[in-house]
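# Reading the structure
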Amino acid sequence: MGFKCGIVGLPNVGKSTLFNALTETAAAQAANYPFCTIEPNVGEVAVPDPRLDRLATLAKSAEIVPTRLTFVDIAGLVRGASKGEGLGNQFLANIREVDAIAHVVRCFEDDDVTHVENRVDPIADIETVETELMLSDLDSLERRVDTLEKKAKGSDRDAKEAKEVLDLVNRTLVLLRAGKPARLVQRKPEEERLFRGLGLLTSLPVLYVCNVEEASAATGNDLSRRVEQRAAAEGAGAVVISAKIEAEIAVLSRTERAEYLAAVGLAEPGLDRLIRAGYALLDLVTYFTAGPKESRAWTVTRGTRAPQAAGVIHTDFERGFIRAETISYEDYVALGGEAGARDAGKMRLEGKEYIVADGDVMHFRFAN
């Protein structure tokens, strides 16, 4: 199961510097945390999780395989992109393929770095990007209304669904015309599938990445705090990072990196926080499999039931699911591994209705 974050922002905000640092850092990770380049502007990175190393030690695993996030570096947006300015439609098409948006915002002053609109105002930058995405969504939905209205006049099953979609579209149009993103539309759980099918850019969850100067990497600055306040008000995520620092440490050894970070007052790379924030933004949880061959982390959305979690490993596991032998991470570690947890009665047999919890160590039984 793959999850993608699109890295977006205006030109010259540090977006590509951040992506390049991310890919370099991933390439410099230990061999059991490999980096994969899918396309020139697409990279997969390991989600930092110290639990995995601990499990691998206890299980005497030959290999460690972390869960991953895919980051897509999308071309810089300019005002008028919804009407084809800049890369226009290409930019917008790329965004439609991601699960969330990591919106890089310039929160630093530097006379040597030109701002596309000749001023440094992160809130105005956010509104420029959001406006272009809303205009694109508005145009997309308005062009669908006539077709949906015609389909909704029928009496078959397709007409019933067309009516439901039309209702969603009209409710979303009200928001967009008021200058509000589609993600704010009120909808029932049973409408979620149809809503996702609309492919709306402003329905995607957003993580604001505040790119600050080196001196503010550990503390943030007044500009980044304005972004954090906005993020809190709209239920979005926010993380402070210095792309320049990340680019500098990306090529260092692990020891040199630790020394550099300590010198600038950081406990860990900002990219680790960015990756975890993206993982949290998508409301993902991690379960583990552990054994002599490998210890591996698996990504599922919160609320996933055991058979569907098994299906992430292999579709046969879901189809033939019988039960899941489950140990909490805490019990697995405290009792020295699977054997100790089983002997202490901490291994549970969970059925088809079990909802996987973050940190579960699982072994699936299935029928061929």
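Scope of this entry: the structure provided in the associated data block. (Residues numbered from 1 in each chain as written. Predicted model: local features only at pLDDT ≥ 70, side-chain atom pairs only at ≥ 80, totals over all residues. Heavy atoms only, no water.)

Attention now moves to helix α4 (residues 122-152). Between its first and last C-alpha, α4 extends 43 Å over 31 residues, near the 45 Å set by a 1.5 Å rise per residue. For α4, the principal kink sits at V145 and spans about 35°. (Helix = DSSP H or I, 4+ residues; strand = E, 2+ residues; numbered from the N terminus. Expected span 1.5 Å × (residues − 1). Bend = angle between axes of the 7 residues up to and from the residue.)

Here we take up helix α11 (residues 306-313). Counting buried residues along α11, six of its eight residues qualify, which places the element largely inside the surrounding structure. Within the span of α11, buried status applies to A306, P307, A309, A310, G311 and V312. Elements that come into contact with the buried residues of α11 comprise β9 (284-290), β10 (295-301), α12 (315-319), β11 (321-327) and β13 (361-366). (Buried < 20%, exposed > 50% of the residue type's maximum accessible area, 1.4 Å probe, protein only. Contact = heavy atoms within 4.5 Å.)

Our next topic: the state of the cysteines. Taken as a whole and judged by the stated rule, the model has zero disulfides. With no disulfide partner, C107 has as its closest neighbouring cysteine sulfur the one in C210, 4.3 Å distant. Residue C107 is classed as buried on the basis of its relative accessible area, which comes to 0%. (Disulfide = S-S within 2.5 Å.)

Secondary-structure assignment places T301 in strand β10. Taking the C-alpha atoms as reference points, T301 and L284, 17 residues apart in sequence, are found 4.4 Å from one another. With residues up to four places along the chain from it excluded, the contact list for T301 reads F3, D283, L284 and V285.

At a minimum axis distance of 9 Å, the contact between α4 and helix α5 (residues 157-177) shows a crossing angle of 150°. The angle between α4 and α5 falls in the class roughly antiparallel. Like other packed secondary-structure pairs, α4 and α5 cross with a definite hand, here left-handed. Mapping the contact onto sequence places M134, D137, L138, L141, E142, V145, L148, E149, K151 and A152 in α4 and A159, A162, K163, V165, L166, V169, T172, L173, L176 and R177 in α5. Here the contact of α4 with α5 is built from residues that sort into 13 nonpolar, one polar and six charged. (Axes fitted to C-alpha atoms, helices over the stretch in contact; angles between N-to-C directions. Parallel < 35°, antiparallel > 145°, perpendicular 65-115°, else oblique. Left-handed = near helix turned anticlockwise from the far one by under 90°. Nonpolar A, V, L, I, M, F, W, Y, C, P; charged D, E, K, R; others polar.)

Moving on, we get to unusual backbone geometry. Phi is positive for K60, close to 55°, though the residue is something other than glycine. Residue D283 is not a glycine yet carries a positive backbone phi of 55°. With respect to the secondary-structure elements, D283 resides in the loop between α10 (270-281) and β9.

For the rest of this paragraph, the subject is the pattern of salt bridges. When the charged atoms of two side chains with opposite charge come close together, those side chains can pair. Overall, the coordinates contain 26 salt bridges when judged by the stated rule. One salt bridge in this structure joins D139 and R143, with 3.1 Å as the shortest N-O distance. Of this pair, D139 and R143 both sit in helix α4, separated by four residues, roughly a single helical turn. With a relative accessible area of 59%, R143 lands in the exposed category. For the salt bridge of E192 with R187, the shortest nitrogen-to-oxygen distance reads 3.0 Å. Judged by its relative accessible area of 25%, E192 is partly exposed. A relative accessible area of 27% means that R187 is categorised as partly exposed. Taken together, the shared-partner salt bridges in this structure form one network comprising D49, R51 and D358. (Salt bridge = Lys/Arg side-chain N within 4 Å of Asp/Glu carboxyl O.)

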